[in-house]
Amino acid sequence: MKKAEVINLVTEYKINPIGIDVLKPRLGWQLNSGEQNVMQTAYEIRVANSKKDLESGKNLIWSSQKVESDQSVNVVYGGPALTSMQRVYWQVRIWDNKNRSTSWSSPALWEMGILDRSLWTASYIAMDDITTEKKSHPSQYFRTEFKTKKAIKSAKVQVTSLGVYELYLNGEKVGNDLFTPGYTTYNKRLQYQTYDVTEMLQGNNAIGAIVGDGWYRGNIGWKGDYAFYGKQLALLVQLNINYTDGTNETIVSNGEWKASYGPILESDMYNGEKYDARLEMDGWAQSGFDDNKWTKVQILDHSKEILVAPQGPPVKAIDEIKPKKLITTPKGEIVLDLGQNIVGWARMRVTGNKGDRVILKFAEVLDKDGNFYTKNLRAAEATDMYTLKGDGEEIFEPHFTSHGFRYIQVIDYPGTLSLDDITGIVIHSDIAPTGSFTTSDPMINQLQSNIQWGQKDNFLDIPTDCPQRDERAGWTGDAQVFSMTAAYNFDVAAFYTKWLKDLALDQHENGSVTNVVPDILTGGEGVSAQGGATGWADAAVIIPWTVYQSYGDKRILEEQYESMKAWVDFIAVKSGKDYLWNDPKHWHWGDWLAYNADKPDYNGSVTEKDLIATAYAYYSTTLLAKIAAIIGKTEDVGKYKEQAVNIKKAFIQEYITPNGRLVSHTQTAYAMAISFDLIPEGLIEKSAAYFAADIEKFGHLTTGFLGTPLLCTTLSKIGRDDLAFMLLNRKEFPSWLYPITMGATTIWERWDTQKPDGTIIEGMNSFNHYSYGAIGEWLYTHVGGLRIDPENPGYKHIIFDPHPGGGLTSADAEFLSLYGKIKSAWEVKDGKFHYEVVIPANTTASVTLPEATPDSIHLNNSKLKSDLLKTLRQTDEGVQLELGSGTYQFSYPSEKLKL
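(A) Fine view of the overall build of the protein. The secondary structure content of the protein amounts to 16 helices and 49 strands. Each principal axis of the C-alpha atoms in the protein carries an extent, and together these give about 85 × 75 × 60 Å. Considering only contacts in the protein between residues 6 or more positions apart, those separated by 24 or more positions represent 74%. A total accessible area of about 33,700 Å² is found for the protein, and carbon and sulfur atoms account for 47% of it. Placing the 90 positive and 112 negative side-chain charges of the protein at their respective mean positions leaves the two points 3 Å apart.

What follows is the structure, given as structure tokens:
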């Protein structure tokens, strides 16, 4: 058998990151072993300035020595403080529970960014182009030249912009990140990127950059704001070159650089890009280019104190999709169908005459007559325009825009358009896929696909609500309800870490949390600008808790604690002495977009907002008390426990009758009260009966954004899987599968975004919202049976507890945890229940075999051995076993299962 080895080393959730500013980075690794019951019992980490020193064990910066511990994720670097731009190499070895040690792992590295702000010697440079009107401006081009005359050891460039930039060195784009420096609360936090450009330098060199409006100065939000963060674009570049003779040199952006406009006439995140290839400047980012007609730049006085290294993943072009069909619509429009609703743009291949202009328009759907439909985009033009230079085959891709689309309308294309002439480019934050869920039902598999596509499409540096219309904002409510499903589908630890920092910075002094992050609404008009909405602002507490549960990340609780506490204290002030949050002057979104039938006397989905607000007040306060205990804030534990007790008492008195009926007799109210543990123990059975009866009466869900994520989970909690599966399997409106019957490839914003007759609701209507995709959590955890143990977060101890039902004959839930692959896959076949579990090394698990009896179970076609029988426990649900790492295949008769 192959010897165990340490693999997949990460620093701050990243592989070999450079340019980080976390002073005490956290390190992690996985243990690869083909044996069962393998646990780490000790580890040793060593860190050095070079691979040579590391592997020799000499001149180490830090050695942890042998540490008796089974911790292999989020291990904090304990060496001396590192300096700006210092690169270090590290490796680890471990000892296991069988008294063996591994070899040292392959080396990994991390490199610090600029920690001492005095080292920023570059200046922000800008053109004399200050926005005075609400319109898109041309992108700006910057350049300089320099020479190197000595052998180069290493070279790193740090760069940021006010706007979005692309950096070039000697004509080649630096890195493959998109929309850098990323979207943050720009007046408080501006990210800079670090790139290793050692191999890109030569004797004569040129640095070039293009800067566009982006989120900083471009059109932003549905109010039509331009220049929300600033009226003038700027660039900041600092190139540090280390020579082999021990000397170094720094090339910086300064007053000697030159600037010009170019072929990008307009580039707007919402409206699209206008590009005139006739204005291209061949060689503009290479040495020797004639820039005599370019102008000298200005020096812009802007803070460097707000510069931070990125913690989240960059946006990248992840995939390419070729069109499936070329359609001529009833109106005569030439339209390409990708077959999948994506976010990104179209790459176009075209040959024509100089001055020919091709227009590309983007839409999510065709209307009921089969024509190109863009009304739901509202003010977003979602149009790219390319003017040809007439020089053979030309390739066009926009630079600083993205669209949410499945269909591409092509106007004035010269010649005959073919499917090969257009390619859909899929972009999103570079979050690694971690989860998969498949069943025997193709429609549920399509639902899972829609959920994952909705997440990819909307995780574009921030968690947007929608990616296509004139909004695309980081709505906190959408992010909150979907956060656990998100953490199953993709690695979102670093993504949320970055976004939550902006949430805390944008939080109001009184503790109220803004409705969107970054906050582009406060100070505006209307209810959307107020903030502090229940279920939305609770993202401040719930998402850090999700990251802790999913990744065992205690630091995020520590770093976000003051933000969490401020929010819960704000609730307490709003609730007052009676602990009820029922202030009629305070706006809440409530159970947003809950189902409403077309009946005058129907009120089955109208849940009182003060009931929801008080329920969430209890939930967030309860979580805060737990968090305070976890991170050692002992003085707060009692305070928030007592506060939670008082909120629950007030909730019971105000909203629950003595017979267990809620004053808002809705599915959302019952799901929330039961899920949040607000029902007195003696009334749970009666409240559960009311809940189930309401669903049986309607035969469908009636919930909105806040109630839907809790619906099936709560039904399962009260033992009504039959109703949960009924809701899952329903194909008529309203349901999760109804959009699939209408051809949806992502999750809709509304249950009836498109009517059965093809009619599309006008106004606020998106075909790509992820909120209702929060059903994914129940699919993974309940149907698939792959659950986190709340007492051992981050999958250190895993709970396997599958629940066959709904006519399904199989389900397979898999998840790539920080420890390695986890699998929970069941199938009913030939009268037997077959169940495979995979438990990664250095973890343990509790496995429930539903409706099994001890004498009926076979493991790998053999009766259970005595060592497993010792851990066996008969429960009401079946048989429970305690297992160590490894792969296990169980089988037993399936007659008792309720399929």
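Picking up where we left off.
(B) The arrangement of the sheet that holds strand β49 (residues 886–893) in detail. Read across the sheet, 7 strands follow the order β36-β41-β42-β43-β49-β45-β46 without closing on themselves; strand pairing throughout is antiparallel. At either end of the open sheet lies a strand with only one pairing partner, and these are β36 (435–439) and β46 (862–863). Note: strand β42 (residues 820–829) against strand β43 (residues 832–839), 7 bridges, orientation antiparallel. Within β43, the residue paired with Trp826 across the bridge is Tyr835. Against the sheet, helix α15 (residues 775–783) contacts β36, β41 (810–817) and β42, and its axis sits at roughly 75° relative to β36.

(C) Structural context of the environment of Ala151. Turning to its location among the elements, Ala151 is positioned in the loop between β11 (140–147) and β12 (152–162). A sequence separation of 93 residues divides Ala151 from Thr244, and the C-alpha atoms of the two residues are 5.8 Å apart.

(D) The arrangement of the sheet that holds strand β17 (residues 204–212) in detail. Taken together, 6 strands build an open sheet; the order of strands is β14-β13-β17-β11-β20-β23 and the sheet is antiparallel. Bordering the open sheet on either side are β14 (172–173) and β23 (295–296), each of which pairs with just one other strand.

(E) Focus on the packing of helix α5 (residues 493–506) against helix α7 (residues 554–575). Contact pair α5 / α7: the axes reach a minimum separation of 9 Å and the direction vectors enclose 20°. Here α5 is positioned roughly parallel relative to α7, judged by the angle of their axes. Between α5 and α7 lies a crossing whose hand is left-handed. For the pair α5 and α7, the contacting residues are Thr497, Leu500, Lys501, Leu503 and Ala504 in the first and Ile556, Glu559, Gln560 and Ser563 in the second. Across the contact of α5 with α7, the residue classes break down as 4 nonpolar, 3 polar and 2 charged.

(F) Seen up close, the side chain of Gln193. With respect to the helices and strands, the residue Gln193 is situated in strand β16 (residues 193–196). Given a relative accessible area of 7%, Gln193 falls into the buried group. There is a polar contact of 2.7 Å between the side chain of Gln193 and the side chain of Tyr165.

(G) Seen up close, helix α13 (residues 721–729). When you tally the buried positions in α13, you get 7 out of 9 residues, the bulk of the element. Here α13 has its buried residues at Asp721, Leu723, Ala724, Phe725, Leu727, Leu728 and Asn729. Looking at the buried side of α13, the elements it contacts are α3 (442–458), α11 (684–698), α12 (708–717) and α15.

(H) Expanded view of the environment of Met269. Its location among the elements puts Met269 in the loop between β21 (264–268) and β22 (272–276). When its relative accessible area of 3% is taken as the criterion, Met269 is described as buried. Sequence separation of Met269 and Arg472 is 203 residues, and the distance between their C-alpha atoms is 9.6 Å. Sequence-distant contacts of Met269, defined by excluding residues within four places in its chain, comprise Val164, Phe179, Gly214, Trp215, Phe400, Thr401, Ser402 and Arg472.

(I) View of the pattern of salt bridges. According to the stated counting rule, one finds 48 salt bridges in the structure shown. With a shortest N-O distance of 3.9 Å, Glu35 and Lys98 are connected by a salt bridge. Remark: Lys98 occurs in the loop between β8 (87–96) and β9 (108–112) and Glu35 occurs in the loop between β3 (26–32) and β4 (40–48); sequence separation between them is 63 residues. Here Lys98 falls in the partly exposed class, since its relative accessible area comes to 35%. A salt bridge links Lys755 to Asp752; the nearest nitrogen and oxygen atoms lie 2.9 Å apart. The buried category is assigned to Asp752, whose relative accessible area is 16%. Several salt bridges converge on common partners, so that one network encompasses Arg378, Asp465, Arg469, Asp470, Glu471 and Glu749.

(J) Spotlight on the side chain of Asp538. Mapping Asp538 onto the fold places it in the loop between α5 and α6 (539–551). No salt bridge is formed by the buried Asp538; its nearest oppositely charged neighbour, Lys609, is found at 14 Å. Polar contacts involving the side chain of Asp538 include one to the side chain of Trp567, which spans 3.0 Å. Setting aside its immediate chain neighbours within four residues, Asp538 contacts Gln480, Trp567, Ile571, Tyr616 and Ser620.

(K) Local environment of α7. End to end, α7 covers 29 Å across 22 residues, agreeing with the expected 32 Å (1.5 Å per residue, within 8%). Along α7, the largest kink reaches about 55° and is centred on Gln560. Where α7 begins, one side-chain oxygen reaches toward the backbone nitrogen of Arg555, 3.1 Å away; that side chain belongs to Asp553. Among the residues trailing α7, Gly576 stands out with phi positive, at a value near 75°.

(L) Quick look at the environment of Phe833. By the secondary structure assignment, Phe833 is in strand β43. Exposure remark for Phe833: the relative accessible area of 0% places this residue in the buried category. Separated by 61 residues in the primary sequence, Phe833 and Ser894 place their C-alpha atoms 5.1 Å from one another. Ignoring sequence-local partners within four residues, the contact set of Phe833 consists of Pro802, Pro804, Trp826, Glu827, Val828, Pro850, Phe890, Ser891, Tyr892, Pro893, Ser894 and Leu897.

(M) Main features of the packing of α7 against helix α9 (residues 634–655). Put simply, α7 and α9 touch, their axes get as near as 12 Å, and they point 35° apart. Of the two elements, α7 crosses α9, and the hand of that crossing is left-handed. Contacts between α7 and α9 involve Tyr561, Lys565, Val568, Asp569 and Ala572 from the first element and Asp636, Lys639, Tyr640 and Gln643 from the second. Across the contact of α7 with α9, the residue classes tally to 4 nonpolar, 1 polar and 4 charged.

(N) Structural context of unusual backbone geometry. Geometrically, the link from Val517 to Pro518 is a cis peptide bond, its omega value of -5° lying close to zero. Of note, Pro518 is situated in the loop between α5 and α6. With omega at -5°, the peptide bond leading from Phe733 into Pro734 counts as cis. Looking at the secondary structure, you find Pro734 in the loop between α13 and α14 (738–741).

(O) Up close: the packing of aromatic side chains. If you walk through the whole model with that rule in mind, you get 55 aromatic pairs. Both rings, one in Tyr619 and one in Phe676, keep their centres 4.3 Å apart while their planes meet at 0°; by these two values the pair is stacked. Of this pair, Tyr619 sits in helix α8 (residues 609–630) while Phe676 sits in the loop between α10 (667–675) and α11, placing them 57 residues apart in sequence. You can call Phe676 buried: its relative accessible area is 6%. What links up through ring pairs into an aromatic cluster is the set Phe179, Tyr183, Tyr186, Trp215, Tyr216, Phe228 and Tyr229. Geometry around Trp104 places Arg46 over its ring, the cationic atom sitting 3.9 Å from the centre. Sitting over the face of the ring of Tyr243, Lys150 holds its NZ or CZ atom 4.8 Å from the ring centroid.

Rules used in this analysis
Residues numbered from 1 in each chain as written. Predicted model: local features only at pLDDT ≥ 70, side-chain atom pairs only at ≥ 80, totals over all residues. Heavy atoms only, no water. Helix = DSSP H or I, 4+ residues; strand = E, 2+ residues; numbered from the N terminus. Contact = heavy atoms within 4.5 Å. Areas by Shrake-Rupley, 256 points an atom, 1.4 Å probe, with all protein chains shown as cover. Lys, Arg positive; Asp, Glu negative; His and termini not counted. Charge placed at Lys NZ, Arg CZ, Asp CG, Glu CD. Pairing = 2+ DSSP bridges. Axes fitted to C-alpha atoms, helices over the stretch in contact; angles between N-to-C directions. Parallel < 35°, antiparallel > 145°, perpendicular 65-115°, else oblique. Left-handed = near helix turned anticlockwise from the far one by under 90°. Nonpolar A, V, L, I, M, F, W, Y, C, P; charged D, E, K, R; others polar. Buried < 20%, exposed > 50% of the residue type's maximum accessible area, 1.4 Å probe, protein only. Polar contact = N/O pair within 3.5 Å; in protein donor to acceptor, adjacent residues only side chain to side chain. Salt bridge = Lys/Arg side-chain N within 4 Å of Asp/Glu carboxyl O. Expected span 1.5 Å × (residues − 1). Bend = angle between axes of the 7 residues up to and from the residue. Phe/Tyr/Trp six-rings, centres within 6.5 Å; stacked < 30°, edge-to-face > 60°. Lys NZ or Arg CZ within 6 Å of the ring centre and 35° of its normal.

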